[in-house]
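# A look at the structure
These are the residues of each chain, in order.
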Amino acid sequence: MSRPSDLVQGTLDLLILKMLALEPLHGFAISQRLKQMSGDILQVSDGSLYPALHKLEQEGWIEAEWKPTENNRRAKFYSLTRSGKRQLVKETESWARLAGAISMVVTLPEV
Amino acid sequence: MTFDRLRQIVRLRLRSLVSGASVDRELDEELRYHLEQQIDLNVARGMTPLEARRAALVAIGGMRQTAEQCRDQRGFRGVDAAVADTRFAFRVLKRSPVFAIVAVASLALGIGAFLAMFQLVDAIRLRALPVDDAHELVEIRIAGGRGGWGLSDTAAEITLPLWEQIRAHQAVLTDVFAWGRSGFLMGSGTDAVPVRGLYFSGGAFSALRTQPAHGRLLLPDDDRPGCEGAVVLSHAFWQSRFAGDRSVIGTTITLLQQRYPIIGVAPPDFTGLEVGRSFDVALPICSAQRIGPSFARRDFWWLNVMGRLPARVSLAQAGEHMRALSPGLIEATLPTGYSPASMDTYRGFRFTAVDGSHGVSRLRTAYESPLWLLLGTTGLILLLTLSNLATLMLARAHARRRELAMLVALGASRGRLISQIVIEALLLSSVGVVLALPLAIAAGRMLVVMLSTEFDPLHVALGIDWRAAGVAASVVVVTALAFGLLPAFQSSRFDPLPVLRSGGRSHTVDRRRAALQRMLVVGQLAICFVLVVSALLFGRSLYNIIATDVGFNPKGLQVVGFGDPIMNQLPLAERHAFQQLLIETVGSTPGVQSFGAVSQVPLSVASWNQAFNLRGEAERLSAKFTYISPGYFQTLQVPVRRGRSFDANDRAQSRPVAIVNDAFARRFLDGHVEAAVIQTLTEAGYPPTAYEVVGQVGNTKYGDVREDDLPIVYVPLAQSPVLSTWKSVIVRTSLTPGAFGAAVRQRVKALNPGIWVRMTDLPAQLNERLARERMMAWLAGAFGVLAVLLAAIGLYGLIAYLALGRRSEIGVRLALGATRQGVVLMMLRESVWLIGAGLTAGLVLSFLLSRAASRLLFQLAPTDAVTWAGAGLALATVAGIAAVVPAWRTSALDPVTTLRAEES
């Protein structure tokens, strides 16, 4: 599997969940949004986005619906489920803990 | 996990499982949408359409690959893969039908043979009686058996007085009951037909928790002294004799001249408590009293006693309880008329309790070790089949390695490759088992027919029960793993690049893989050697038995036996006269060349031991005593060595005389026959008598062809002290059994219509008594041939495979001027080593296994040198041919063709 090595394991899931918490989106929109939001710092390849989406759907955290897009094409829109919202809270907390811990370690004054 | 989430997960998994195609279509559409949007975006950013498309594809990482990864996220991915692999396996096998047919056929044969033997072992040894809670059943018997003490014609262990004592005094078992086997005659006189009967104590059916199919079964009230008797029919007998007519209940049936009411029909699965033997009619034990007083004798063993063991009591405790009770039970039932030594034996009897859940079986005693041996043999055959298939699969995997390399290059994981090969193996073995089942059922039935004899029909409930089905299922799995995993691991462990580059033809075969195959072939030859040795041993053993001199000429001998319930009512003097008349009536039938009457027909089950002293000596001796009429030796063509034969002057009142056989003269008289006197000792019903020896005759086999010649004393029939049964008449005639039987029946009927006649063709009976040896010889022979065939296929396959790998090398050799013979010899050098190693291993293996067969062989050591040499020679010959053919075929190749194929 070709997950980008610079993306911490599970971070992609968290980003997708966070994005879908704002509004339902289709795959291409998520891909675009990821690039914009992170200012091209997070290089998420489209090849790993779709497997991740399907995994989250299988886990029951997001659900999909075919809907027309703004330019009137049919696309698969993903939205957060109730258990997905709970999962987002959980993952956000653990991310905060992890990030806090790492930042604490790396900002320790060097003696 | 919330309910909603669970529901979604289940819905999605089911959807991808059931309608995988539409899920795949959606996935395609989703990815295509993404791709199109990305291309549009790229074009808008100024790329050419072609560049835009390429960039979009690179970003998504290839449509196929991404779709595959998305699919991997779904549940039931393993199932999907298995379904696809199975389809693929079908296609692959269809491409090589010869391989598939050989594999499936040899598997079907191997598994079929194994299952057939397993069914028989299962039915005779493993399966419990078809009775509720059969595990509770225990049998009460004399520890170590009664050693032939007293009177009996069955393997029964208890007398009626002992049963009454046990019932009254034992306090450990619940539901104790007794049962005994007995033959009956249904109808009357000459027209009577024999039926198989069982006696049951009144509580037997409720103890066994058996429910009637119709009417009622025997109740405690049916079994009381002086009872009228009642008959329960077996379901099979009710069907065959009364066409399943329910109105037969309430009517009467005539058995041994007595009329009994029919009260009910037993359920279909109840065939009594003896495995391998069913019954026609069941009567209460008390009704035996109506047939004769001997059933109540203290020395007549005709019952078996069983009971249920309560959960809180162990078998050992029950046995100890019975042991402690024994002296009291024994003292209360001491027989009379026996010598002090015999009485001491009787007093020494102690009861014990043994597991009765599998019933009682004479069959088990006779066939248990042959059946386990044959099951082991079929196990070896199965092993042979498996290693053969492993060899074939290995060779195939090698031949297919280009295809496998392609799969690896296309990204198939090693696990996927292994599962592909294992699924192929599973498919083969499943088809093999499916074909093996009918084969096993048919073979099992054939075995039962082979073991059944006219006098001893075998009733075994064969069938594929859960145990056999479990064995079959585990055989499928083990088989597939055994011959699938090995090649799978071997062939998935390679670098695809050189294989693809060489165009699928390498100069030499991978050495390690060939080593594995060589080991397999050596193992096959070793197993094969064991099986060929066993085939030859059992074949020669059967020949030895058939060639054994029984001491008389059985050809043309027919035995006439009589049954007659009125005999006991005649006074002794009249019995002698009537007996004489009966013998003369049979003997004077037209077509009879000579005839003689005898108390124990040779090689029948009848036997009579008598204790005696030689005059002037105190030592207590024992020998077989047989009572014969004057024509006996002449009819059987037994040579008279010394002195005279009996004649009409040897009457009841004349001087008691005896003739002894060679074995008796050698063992007891040191050859000094003249003037010896045999003083018999008291046995019940046989008063002591001094017999003067007047002659000596040749040995005849007594009970069994396999026995040594036993010492026999012949006494004139007229001087026999007992006449409780009519003696059999043996005649020598050129008439067919059918014609002679009809003539005799007619003449006996004219004399007295109340007498029943049983005819036996002696040669046929002798043949039947060899059923076990014949079965062993035939089966061992068939398995031996099968084994040789399988080993030959294995060796042929290996040599052909090795030759294939050396084609280019051989091409070069031939091009450089090597002769064809030289090439063949070079390839054969390898085979000679293999065959030599296989035979050596087989020799060791046979030696280790030979002890298992020693008890089943007649006048043959299991390590018989001639047999082993023969087996080695036969196997080496077949293996040599199997090796030469592919070598010769390879050497016939045109070197130009092989070398050109190498370059392309």
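Our subject is the structure that appears above.
Residues numbered from 1 in each chain as written. Chains lettered and ligands numbered in written order. Predicted model: local features only at pLDDT ≥ 70, side-chain atom pairs only at ≥ 80, totals over all residues. Heavy atoms only, no water.

## A word on the pairing of strand β13 (residues 592-598) of chain B
All names here are of chain B. With 5 of 7 residues buried, β13 is to be regarded as a mostly interior element. Bridge count between β13 and strand β21 (residues 728-733): 6 bridges; the pairing is antiparallel. Note that in β21 the partner of G596 across the bridge is I730. (Buried < 20%, exposed > 50% of the residue type's maximum accessible area, 1.4 Å probe, protein only. Helix = DSSP H or I, 4+ residues; strand = E, 2+ residues; numbered from the N terminus. Pairing = 2+ DSSP bridges.)

## Things to note about helix α2 (residues 27-37) of chain A
Within α2(A), the full set of buried residues consists of G27(A), F28(A), A29(A), I30(A), S31(A), Q32(A) and L34(A). Packed against the buried residues of α2(A) are α1 (11-22), β1 (25-26), α3 (46-59) and β3 (74-80) of chain A together with α2 (20-44) of chain B. (Contact = heavy atoms within 4.5 Å.)

## Details of a nonpolar patch on the surface
Residues and elements named next belong to chain A. A grouping of W95, L98, I102, V105 and V106 is seen on the molecular surface, where their side chains present a nonpolar patch of about 470 Å² in accessible area. Within the fold, I102 resides in helix α4 (residues 82-106). The exposure class of I102 is partly exposed, given its relative accessible area of 46%. (Patch = residues over 30% accessible without salt bridge, like charges linked within 9 Å, V, L, I, M, F, W, Y side chains within 5 Å. Areas by Shrake-Rupley, 256 points an atom, 1.4 Å probe, with all protein chains shown as cover. Salt bridge = Lys/Arg side-chain N within 4 Å of Asp/Glu carboxyl O.)

## Side note on the pattern of salt bridges
Pairs can form between side chains of opposite charge whenever their charged atoms are close. Residues and elements named next belong to chain B. A full pass over the atoms with the stated rule returns 23 salt bridges over all chains. For the salt bridge of D299 with R297, the shortest nitrogen-to-oxygen distance reads 2.9 Å. Assessed through its relative accessible area of 3%, D299 is described here as buried. A residue is classified by how much of its surface remains accessible, and R297, at 32% relative accessible area, is partly exposed. Between R644 and D650 there is a salt bridge; the shortest N-O distance is 3.0 Å. Judged by its relative accessible area of 29%, R644 is partly exposed. D650 gets classed as buried once you look at its relative accessible area, which sits at 8%. Via salt bridges that share partners, D133, E136, R209 and R308 belong to a single interconnected network.

## Things to note about the packing of aromatic side chains
In the structure shown here, the tally under the stated rule is 22 aromatic pairs over all chains. With 5.9 Å between their ring centres and 70 degrees between their planes, Y199(B) and F295(B) make a pair best called edge-to-face. Of the two residues, Y199(B) sits in strand β4 (residues 193-200) while F295(B) sits in the loop between β9 (281-284) and β10 (301-308), which places them 96 residues apart along the sequence. Overall, the relative accessible area of 0% leaves Y199(B) in the buried class. Residue classification places F295(B) among the buried residues on the basis of a relative accessible area of 11%. With centroids separated by 5.9 Å and ring planes inclined at 65 degrees, the aromatic side chains of F295(B) and F300(B) adopt a geometry described as edge-to-face. Judged by relative accessible area, F300(B) falls into the buried class, the value being 15%. A network of ring pairs unites the aromatic residues F184(B), Y199(B), F295(B), F300(B) and W302(B) as a single cluster. Taking NZ or CZ as reference, K67(A) lies 5.3 Å from the ring centre of F77(A), over its face. In this arrangement the basic side chain of R820(B) is found over the ring face of W888(B), its NZ or CZ atom lying 3.7 Å from the centre. (Phe/Tyr/Trp six-rings, centres within 6.5 Å; stacked < 30°, edge-to-face > 60°. Lys NZ or Arg CZ within 6 Å of the ring centre and 35° of its normal.)

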